[in-house]
Amino acid sequence: MNTVSNHLLLSAAAKVRLNAYAPYSGFRVGAAVLTDDGTVITGCNVENASYGLAICAERNAIGRAIAMGYARFDTIAVVAEPLATPCGACRQFIVEFGKEIRVICADANQLDEVREWTIAELIPESFDGSKLPRQ
Ligand code: THU
């Protein structure tokens, strides 16, 4: 059961969003991952002069969590202004770690107006890595 509230998680995402490096799009995004032991790990988007290299906030947060030794996630919160749902690449990245992960999204100025899904709802029929051949 979640001990960390939606609001706390969205607040963490809103805070890290302010650190986003987004000089090209001007669109700042913050994400906060809640691990199964209640730890909150954040990430923001990081853009580049070579536009295609931009890293989304969601993948940054999950990458940081993995680097810290976490791989079981309960929820990922995403805050932007206006509200944004995870892009397709991020959906596939999130579902790698479980179809039941909750995704909650809010506008940075309205953290109490939350939209919520499971990641499986956002990416039905996602690519299933268990089908890959092993060497
Ligand atoms: N972006 C995210 O960080 N997460 C999303 O789910 C959608 C898009 C970023 C990527 C880029 O830096 C900017 O928003 C505009 O696309």
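See the structure shown above.
Anyway, here's the lowdown on the structure attached to this text. Everything numeric in this text was worked out from a predicted model, so none of it was measured.

1. A few points about the pairing of strand E1 (residues 30-35)
With six of its six residues buried, E1 lies for the most part within the structure. What you see with E1 is no split at all: Gly30, Ala32 and Leu34 on one side and Ala31, Val33 and Thr35 on the other are buried throughout. Across five bridges, E1 lies against strand E2 (residues 40-44) in antiparallel orientation. Following the sheet pairing, alanine 32 is matched in E2 by threonine 42.

2. A few points about the packing of aromatic side chains
Tallied over the entire structure, the rule returns two aromatic pairs. Where phenylalanine 73 meets phenylalanine 97, the ring centres are 5.4 Å apart and the plane angle is 75 degrees; that geometry is what we call edge-to-face. In this pair, phenylalanine 73 is assigned in strand E3 (residues 73-80) and phenylalanine 97 in the loop between helix H3 (88-95) and strand E4 (102-107), connecting sequence segments 24 residues apart.

3. Focus: unusual backbone geometry
Put simply, glutamate 81 and proline 82 share a cis peptide bond, and its omega is 10 degrees. Mapping proline 82 onto the fold places it in the loop between E3 and H3. Notably, glutamate 125 is not glycine yet its phi reads approximately 55 degrees, a positive angle. Tracing the chain through its elements places glutamate 125 in the segment after helix H4 (119-122). Given the relative accessible area of 81%, glutamate 125 is considered exposed.

4. Let's talk about H3
Owing to its 3.6 residues per turn, the α-helix aligns residues three or four sequence positions apart on the same side. For H3, the set of buried residues is Cys90, Arg91, Ile94 and Val95. Buried residues along H3 cover an arc of 130 degrees about the axis, so they all sit on one side. The elements touched by buried residues of H3 are helix H2 (57-67), E3 and H4.

5. A word on the site of the ligand
All residues adjacent to the ligand are Ser25, Phe27, Val29, Asn45, Glu47, Cys56, Ala57, Glu58, Thr85, Pro86 and Cys87. Between the ligand and the protein, one listed contact pairs an oxygen atom with a side-chain N or O atom of glutamate 47 at 2.5 Å. At a separation of 2.6 Å, an oxygen atom of the ligand approaches a polar side-chain atom of glutamate 58. Against a free-state accessible area of 380 Å², the protein chains account for coverage of 78% of the ligand. Judged by its atoms lying within 2 Å of the grid points, the ligand is housed in the second largest pocket. Considering only residue class, the shell around the ligand consists of six nonpolar, three polar and two charged.

6. Quick look at the side chain of glutamate 47
With respect to the helices and strands, glutamate 47 occurs in the loop between E2 and H2. Comment: no salt bridge for buried glutamate 47; closest opposite-charge side chain is arginine 28, at 9.9 Å. Engagement of the side chain of glutamate 47 in a polar contact is seen with the backbone nitrogen of tyrosine 24, the distance being 3.1 Å.

The rules behind each value
- Residues numbered from 1 in each chain as written.
- Predicted model: local features only at pLDDT ≥ 70, side-chain atom pairs only at ≥ 80, totals over all residues.
- Heavy atoms only, no water.
- Buried < 20%, exposed > 50% of the residue type's maximum accessible area, 1.4 Å probe, protein only.
- Helix = DSSP H or I, 4+ residues; strand = E, 2+ residues; numbered from the N terminus.
- Pairing = 2+ DSSP bridges.
- Phe/Tyr/Trp six-rings, centres within 6.5 Å; stacked < 30°, edge-to-face > 60°.
- Arc of directions from axis to C-beta.
- Contact = heavy atoms within 4.5 Å.
- Near = heavy atom within 4 Å.
- Polar contact = N/O pair within 3.5 Å; in protein donor to acceptor, adjacent residues only side chain to side chain.
- Areas by Shrake-Rupley, 256 points an atom, 1.4 Å probe, with all protein chains shown as cover.
- 1 Å grid on protein atoms, 1.4 Å probe; cavity = no way out; pocket = protein on both sides within 12 Å on 5 of 7 lines; lining within 4 Å.
- Sits in = over half its atoms within 2 Å of the grid points.
- Nonpolar A, V, L, I, M, F, W, Y, C, P; charged D, E, K, R; others polar.
- Lys, Arg positive; Asp, Glu negative; His and termini not counted.
- Salt bridge = Lys/Arg side-chain N within 4 Å of Asp/Glu carboxyl O.

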